[in-house]
Amino acid sequence: MSKEEAHERHEKREHGKEVAPWQWDYFKIEFQNINTGAEIQFLNQRHHTRNFRNPVNNKTAVARSFDKVVYKNIYPYQFFLLPKPHTHICS
């Protein structure tokens, strides 16, 4: 959402006008066989949070939001030794 759109939403709420619900995207990511030294970096934490109800214990979980999430070294580097191709000389 642009700054202009956020400002417009704020103005509408301030004047008692109805605004559409905030659109959220939820991602569930599962990596398999990942590197044990993998890193996750959360960049630029936002002031918005998102609440989810845990169906197991009926408690509310609060999730923070970020501009960017960076995953590093998820899978270990794999090196392959490739044989040198045979050179054929045509006469």
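Residues numbered from 1 in each chain as written. Predicted model: local features only at pLDDT ≥ 70, side-chain atom pairs only at ≥ 80, totals over all residues. Heavy atoms only, no water.

A. The environment of Thr36, seen in detail. Residue placement: Thr36 occurs in the loop between helix H1 (3-14) and strand S1 (39-53). Of the residues examined, Thr36 reaches a relative accessible area of 83% and is grouped as exposed. (Helix = DSSP H or I, 4+ residues; strand = E, 2+ residues; numbered from the N terminus. Buried < 20%, exposed > 50% of the residue type's maximum accessible area, 1.4 Å probe, protein only.)

B. Structural detail: a nonpolar patch on the surface. On the surface, a cluster of nonpolar side chains totalling about 740 Å² of accessible area is made up of Ile29, Phe31, Ile34, Ile40, Phe42, Val69, Tyr71 and Tyr75. Among the secondary structure elements, those contributing two or more residues to the nonpolar patch are S1 and strand S2 (60-72). Looking at where Tyr71 falls in the secondary structure, it is placed in strand S2. Its relative accessible area of 35% is what places Tyr71 among the partly exposed residues. (Patch = residues over 30% accessible without salt bridge, like charges linked within 9 Å, V, L, I, M, F, W, Y side chains within 5 Å. Areas by Shrake-Rupley, 256 points an atom, 1.4 Å probe, with all protein chains shown as cover. Salt bridge = Lys/Arg side-chain N within 4 Å of Asp/Glu carboxyl O.)

C. Summary view of the packing of aromatic side chains. Across all of its chains, the model carries two aromatic pairs by this definition. Aromatic pair Phe31 and Tyr71: ring centres 5.3 Å apart, planes at 55 degrees, arrangement tilted. Taken together, the residues Phe31 in the loop between H1 and S1 and Tyr71 in strand S2 connect sequence positions 40 residues apart. On the accessibility criterion, Phe31 (34% relative accessible area) is partly exposed. Considering the side-chain rings of Phe42 and Phe66, the 5.0 Å spacing of their centres and the 40 degrees angle between planes classify their relative orientation as tilted. Of this pair, Phe42 sits in strand S1 while Phe66 is found in strand S2, placing the two residues 24 residues apart along the sequence. The lysine or arginine in question, Arg50, covers the ring of Phe52, its NZ or CZ lying 5.8 Å from the ring centre. (Phe/Tyr/Trp six-rings, centres within 6.5 Å; stacked < 30°, edge-to-face > 60°. Lys NZ or Arg CZ within 6 Å of the ring centre and 35° of its normal.)

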